[in-house]
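# Chains, contacts and geometry: an overview
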Amino acid sequence: MDLSISSPLCGAFVAAPTSTLILSPKSRFFRSFKPRNSYLNHPLVPRQYFPIRAQVSDPAVDDDFVIADVPHLTSFLPDLPTYPNPLQNSQAYAIVKQTFVRPEDVVAQKIVVQRDSSRGKHFRRAGPREKVYFTSEEVRACIVTCGGLCPGINTVIREIVCGLNYMYGVNDILGIQGGYRGFYSKNTLTLTPKVVNDIHKRGGTFLLTSRGGHDTQKIVDNIQDRGINQVYIIGGDGTQRGAARIFEEVEKRGLKVAVAGIPKTIDNDIAVIDKSFGFDTAVEEAQRAINAAHVEVESVENGIGIVKLMGRYSGFIAMFATLASRDVDCCLIPESPFYLEGKDGLFEFIEERLKENGHIVIVVAEGAGQEYLAQSMHGINEKDASGNRLLLDVGLWLTQNIKDHFTKERKMAINMKYIDPTYMIRAIPSNASDNIYCTLLAQSAVHGAMAGYTGFTVGPVNSRHAYIPISHVTETQNTVKLTDRMWARLLASTNQPSFLNCDESRGGKVCKDTIDLINNMKITST
Ligand SMILES: Nc1ncnc2c1ncn2[C@@H]1O[C@H](COP(=O)(O)OP(=O)(O)OP(=O)(O)O)[C@@H](O)[C@H]1O
Ligand SMILES: O=P(O)(O)OC[C@H]1O[C@](O)(CO)[C@@H](O)[C@@H]1O
Ligand SMILES: [Mg+2]
């Protein structure tokens, strides 16, 4: 079979977004896969393109195969030497059938396919490579944590330090304190396996965190001045955007510095990856608050329990906590507008449930109903130090409105119990399964950086860890799709209204968008 790589000037080039490889056919192509720098530095291939297309003459395998590839240090430093991976001498790995990930291993983004559907995008599989681009003595790594807290950050820090030290013999690891601004405004901490030994048992971040303060030039100056050559950045969407800026500047300056992003978000709002670490822990902790609300309202007459959970733009915590609990009567999330008054509104639903059961439990995500709230409150447009809009307090607003409605208008005595455990669900250590997940993330990041990959985010895609171009996780946000079966499952389990009555006088104006969206989409996913 004939396989050849064609340059843009040869006519068979397919314009594709930066760092997308279009390969064909399937794995067979990779057997003749040349080292990256042989084509990336080809004079005919413009720098902004990484894509290549293999010409195939076998009609049975002529479908396109797309890899969303991550940058490599050799794309701007072509002559870097390589070294055998020290893991090849590791006793622990001696028994492993395949210690190293094959260079041709990729992870498919789309796993539910039909016979004739396109194969979709693929990401490079994470894991140790046979050759590394750093010697143990040469590595000076640093770790930084930015943005809000999340269970498991300390486990990730611990496992980066231990992974670098135990697997690659690295002894020079620095902790940057207090987020991005810590690069240029604080002293570093020396991190060793002994220093981080117990930190996974604590919530929060051992390195401290912050919002704002990202100054790319100052950060990269500092990286250069300190002789740092591996940067591990743990944080959410904002942090990953910052990591992309750092990578771009490092590339511009031609520095041998690997930049690895580890996605962290309690809201589970990061695109592409299956789920963010700490999410399961947070959902589990939320059960305690929901249980408490349920016990309280069950024990009184006309008990109304409201539990406010995190979720700025994405209602995953609220949705999963509701699905897991089965004590919740209504779940309100940012993606699904709601209204209080009139037919099929929240007040009507509450009254029905009080009549039927004598109590009701409502879970509300902090970002729910923000547009609706803004109509009745004077919308304050405050932002945090990173530029994220500060939200109006939907929990207090809801509590007050429900109280006013039932006591003043309906003349009904109600027992309101409002629980706000928002910080409690993220300020705890990660549970057992999140700890294992954090370990895999950390080790994948270490393997990737040692193998010379850079400007990447690591994370599970369909349960396999992969190296993902940072832009893929920052361009879109993961939100609850009202057209997915999971939301339908929730509606079926709570039997709550879908709030699709769009009478503007009821504040239902925003739901028009939802209806349009639903009409334009079919129920998707599982
Ligand atoms: N577009 C951007 N470019 C460079 N840096 C950014 C950008 N957006 C955010 N940052 C920086 O990233 C850090 C964290 O951002 P942010 O506070 O938005 O939290 P996050 O990483 O999104 O985490 P989370 O939202 O889950 O708490 C901050 O120091 C902020 O200055
Ligand atoms: O009060 P802080 O620490 O800025 O964080 C609050 C925000 O952080 C998040 O937990 C995201 O990390 C959001 O859900 C929440 O709005
Ligand atoms: Mg964010």
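What you are looking at is a predicted structure, and each value in this text was computed from that prediction instead of being measured.

What counts as what
- Residues numbered from 1 in each chain as written.
- Chains lettered and ligands numbered in written order.
- Predicted model: local features only at pLDDT ≥ 70, side-chain atom pairs only at ≥ 80, totals over all residues.
- Heavy atoms only, no water.
- Helix = DSSP H or I, 4+ residues; strand = E, 2+ residues; numbered from the N terminus.
- Buried < 20%, exposed > 50% of the residue type's maximum accessible area, 1.4 Å probe, protein only.
- Contact = heavy atoms within 4.5 Å.
- Areas by Shrake-Rupley, 256 points an atom, 1.4 Å probe, with all protein chains shown as cover.
- Salt bridge = Lys/Arg side-chain N within 4 Å of Asp/Glu carboxyl O.
- Near = heavy atom within 4 Å.
- Polar contact = N/O pair within 3.5 Å; in protein donor to acceptor, adjacent residues only side chain to side chain.
- Nonpolar A, V, L, I, M, F, W, Y, C, P; charged D, E, K, R; others polar.
- Axes fitted to C-alpha atoms, helices over the stretch in contact; angles between N-to-C directions.
- Parallel < 35°, antiparallel > 145°, perpendicular 65-115°, else oblique.
- Left-handed = near helix turned anticlockwise from the far one by under 90°.
- Pairing = 2+ DSSP bridges.
- UniProt positions renumbered as here; feature names shortened; annotations may be inferred.

## A look at the overall build of the protein
Helices and strands together make up the secondary structure of the protein, namely 15 helices and 19 strands. Out of the 526 residues in the protein, the part that is buried amounts to 54%. Across the protein, the fraction of contacts at a sequence separation of at least 24, relative to all contacts at a separation of at least 6, is 79%. For the protein, the accessible area works out to roughly 22800 Å², and carbon and sulfur atoms hold 49% of it.

## Description of the pattern of salt bridges
Taken as a whole and judged by the stated rule, the model has 24 salt bridges. With a closest N to O distance of 3.9 Å, D237 and R241 form a salt bridge. Of the two residues, D237 and R241 both sit in helix 6 (residues 237-253), four residues apart, roughly one turn of that helix. Across the salt bridge formed by D384 and R312, the nearest N and O atoms sit 3.8 Å from each other. Taken together, the residues D384 in the loop between helix 10 (370-376) and helix 11 (394-409) and R312 in the loop between strand 14 (303-309) and helix 8 (316-325) connect sequence positions 72 residues apart. On the accessibility criterion, D384 (16% relative accessible area) is buried. A network of salt bridges, in which partner residues are shared, links D221, E249, K252 and R253.

## Thoughts on unusual backbone geometry
Positive phi outside glycine occurs at S463, with the angle close to 75°. You can see S463 is positioned in the loop between strand 18 (456-461) and strand 19 (464-469). Phi is positive for N495, which is not a glycine, with a value near 60°. The residue N495 is located in the loop between helix 14 (485-494) and helix 15 (511-520) in this model.

## Brief notes about the site of ligand 2
All residues in the neighbourhood of ligand 2 are listed as G148, R211, I266, D267, M310, G311, R312, E366, Y423 and R426. R211 places a side-chain nitrogen or oxygen 2.9 Å from an oxygen atom of ligand 2. One nitrogen or oxygen atom from the side chain of R426 is found 2.7 Å from an oxygen atom belonging to ligand 2. Against a free-state accessible area of 400 Å², the protein chains account for coverage of 79% of ligand 2. For the shell around ligand 2, the residue count by class is three nonpolar, two polar and five charged.

## Description of the packing of helix 8 against helix 14
Between helix 8 and helix 14, whose axes approach to 10 Å, the crossing angle comes to 45°. Here helix 14 runs oblique to helix 8, going by the angle between their axes. Taken as a pair, helix 8 and helix 14 cross one another with a handedness that is left-handed. Packed against helix 8, whose contacting residues are M319, F320, T322 and L323, the element helix 14 presents M486, W487, R489, L490, S493 and T494 at the interface.

## Brief notes about the sheet that holds strand 15 (residues 330-332)
The four strands are arranged 15-16-14-17 in an open sheet whose pairing can be described as parallel. Either end of the sheet is taken by a strand with one partner, and the two such strands are strand 15 and strand 17 (415-419). When the angles between neighbouring strand axes are averaged without regard to direction, this sheet yields 15°.

## Observations regarding the site of ligand 1
Lining the immediate environment of ligand 1, one finds 20 residues, of which G148, G212, D237, T239 and S386 sit closest. In this structure, an oxygen atom belonging to ligand 1 sits 2.9 Å away from a main-chain N or O atom of G236. Here an oxygen atom of ligand 1 and a side-chain polar atom of D237 are 2.5 Å apart. Alone, ligand 1 offers 620 Å² of accessible surface; in the complex the protein occludes 85% of this. The biggest single contributor to the shell around ligand 1 is helix 6, with five residues.

## Here we look at the UniProt feature "active site" (unreviewed entry) in the protein
The sites that carry the UniProt feature "active site" (unreviewed entry) are, in the present numbering, D267. With respect to the helices, strands and loops of the structure, D267 is situated in the loop between strand 13 (258-263) and helix 7 (279-298). When sequence neighbours within four positions are dropped, the list of residues in contact with D267 reads M310, G311, R312, S314, F316 and I317.

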